Amino acid sequence: MTTTVYVDQANGVDAAGHGTIDLPYQTLAYAIFSTRVAAIETTQYQIRKGPEAQYDAPTQSATKKAKKDAQGLEKKRLKAEAEENEARERQEKRERRLEESKKVVLAEDPSLPTPIKSKIARLANYRDKRVRVCGWVHRKRDQQEIMFVVLRDGTGHLQAVFTGQTNKTYDAVTLQLEAAVELTGTLKLVPEGQKAPGGHELVVDYWKVLGPAPGGDDAFTNKLNEQSDPSILADNRHLVLRGETASNVLRLRAALLSAFRSTYAEHDVIEVTPPCLVQTQVEGGATLFKLDYYGQPAFLTQSSQLYLETCLPSLGDVFCIQESFRAENSHTRRHLSEYTHLEAELAFINFDDLMTHVETIICESVDKVLANPATAALVKTLNPNFTAPARPFKRMSYSDAIEWLNEHAILHEAEDAEGNTIKDADGKPVMVPHAIGDDIAEAAERQMTDIIGQPIFLYGFPAELKAFYMKKMPRKDGEEAGPVFTESCDLLMPNVGEIVGGSMRIADGPELLAAYEREGIDPKPYYWYTDMRKYGTCQHGGYGLGVERLLAWMANRYTIRECSLYPRWPGRATP
């Protein structure tokens, strides 16, 4: 009996149950594929290009090509069927294994030596001994009869081997990444030619799950991956921290802060802890976080500088590592609303001493990090091309920087008297050369630093661009007019930009009072700061270093958000 199968290339659908004149297929290949092999020769195929055309028999060449394509479809069907069967067999095997695992009860052998409890970092002392280690499942490789687990406890990583009964329990069959476990076994050197963290592995004889982790949709690998959107990574920062890169950055941060503290101690600089709740401003009122403090106005500190200055007569040179807060609506990769501020104040120095001190502290601290094999390995992992900065750092005056930018045709956006960007007829910013008095934009500053390719002390900024407390440079002989410059400096690093801002402070009482008046600041709340000029004033200066920016430079991070435990920026205060 002859059967007719219809194909409409425009409106047909390649699906089971089609092929009639009312429900035609779309392709001839699928029509042949859907026909029983024995019936292909007795089946008539009618094909048309669209509803306006008449059905007709396909050409011989079209039929030949369609048969070849149909063979391809059959191969795909067979492959899919085989994969489905294999998946079903695996599932059935897993279910049988699960049922069998419920019968396995693992008990610790009392005849074995009492295990020594240890952190992973200390295990090298206990090779060929029975040890007990707790941690989280970092990686897992299950080979049915043997399972390899990489354990993480915060001090390092350990490969553990599960065989025999230890690999047949229900907990072993259902073990998921990030589960907290306790493993007991003998620590052995890895076989020759194989590698494992620390050069050894734990042959497990007893273990238990302390805190399970979910599988399925809630599995750790389904929550985060390398392609996750930045907002998802931010929402799940508590899980991101478990990754090797994030944890390495935080380890390097801890090492860097420790190195700074050690270096300051060597230079007789004492650490103090100033308050974060204040009623004075340091860097201008526009970036203050305001709050009600028992009915009084107060702010989150922008800088601890003023408090550090008060410590000089009693403690000598001082520093602090403290959080600072800036209510600056900036979303750049170099800004945070809350950041770790390393600040120092030094007595009886001049401006040259100040810049030399900053250079010394940074270089000696970086050298300490690189001298320690463990922390040097962190730097090598995060930033393989990192090298310690060469000394001395380049010093460039603000005026010379303006000249350099213009010589290299690096322009900036023109602004009107109110500071608004001037745009052309097409709505694009008008770009103009730099001039003395301009606040050099971050982009231009960073471009200059990247081209020069080395750390730069940019110094001598105009007074109107800087804070009220900065000491002014004396005018040159015979100079009575023109801008007044300050004994201020920024340290610029390639690929990051500014990481330090510092200056000599006004030491003269009347000059400080005049600075309050010029800036419209009520001197009353600053009585304690003004008193420093009354009771034994001296030439002094200080600086603030952005820890996250310095860390981004060392660890080669694109954004300083990666260098904070839980970064805060406009719109982000969770988790």
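The structure under discussion appears in the preceding block.
Residues numbered from 1 in each chain as written. Predicted model: local features only at pLDDT ≥ 70, side-chain atom pairs only at ≥ 80, totals over all residues. Heavy atoms only, no water.

### Section: the side chain of T169
Argument step 1. Within the secondary structure, T169 sits in the loop between β6 (157-163) and α3 (170-173).
Argument step 2. In contact with T169, other than residues within four places in its own chain, are S101, V104, L106 and W207. (Helix = DSSP H or I, 4+ residues; strand = E, 2+ residues; numbered from the N terminus. Contact = heavy atoms within 4.5 Å.)

### A closer look at unusual backbone geometry
Across the chain, the bulk of peptide bonds are trans and the bulk of non-glycine residues have phi less than zero.
Argument step 1. Cis rather than trans, the peptide bond between R391 and P392 has omega equal to 0 degrees.
Argument step 2. Along the chain, the position of P392 falls in the loop between α10 (373-382) and β15 (394-397).
Argument step 3. Of note, the bond from T574 into P575 is cis; its omega dihedral lies within 30 degrees of zero at -5 degrees.
Argument step 4. Structurally, P575 can be placed in the segment after α15 (547-555).
Argument step 5. The backbone of D268 sits at a positive phi, close to 60 degrees, despite the residue not being glycine.
Argument step 6. Its location among the elements puts D268 in the loop between α7 (244-266) and β9 (270-271).
Argument step 7. Exposure remark for D268: the relative accessible area of 63% places this residue in the exposed category.
Argument step 8. Within the chain, F348 stands out as a residue other than glycine whose phi angle is a positive 60 degrees.
Argument step 9. In this structure, F348 sits in the loop between β14 (338-347) and α9 (351-371).
Argument step 10. The class for F348 is exposed, based on a relative accessible area of 71%. (Buried < 20%, exposed > 50% of the residue type's maximum accessible area, 1.4 Å probe, protein only.)

### Details of the layout of surface pockets
Argument step 1. Taken as a whole, the largest pocket spans an internal volume of roughly 1400 Å³.
Argument step 2. Elements with a contribution of two residues or more to the lining of the largest pocket: β14, α12 (442-452), β19 (488-493), β20 (497-504), β21 (540-546) and α15.
Argument step 3. Top contributing element to the lining of the largest pocket by residue count: β20, with 6 residues.
Argument step 4. Classifying every residue of the lining of the largest pocket by side-chain character gives 19 nonpolar, 13 polar and 16 charged.
Argument step 5. Broken down by secondary-structure element, the contributors of at least two residues to the lining of the second largest pocket are α4 (220-223), α5 (230-235), α6 (237-240) and α7. (1 Å grid on protein atoms, 1.4 Å probe; cavity = no way out; pocket = protein on both sides within 12 Å on 5 of 7 lines; lining within 4 Å. Points joined across faces, edges and corners; volume = space filled by probe spheres on them. Nonpolar A, V, L, I, M, F, W, Y, C, P; charged D, E, K, R; others polar.)

### Focus on the sheet that holds strand β10 (residues 277-278)
Argument step 1. The 3 strands lie next to each other as β10-β12-β11, forming an open sheet whose pairing is antiparallel. Two strands in the sheet have a free side with no partner beyond their single neighbour: β10 and β11 (289-293).
Argument step 2. Note: β11 against strand β12 (residues 296-300), 5 bridges, orientation antiparallel. In the strand pairing of β12, D292 is matched with P297. (Pairing = 2+ DSSP bridges.)

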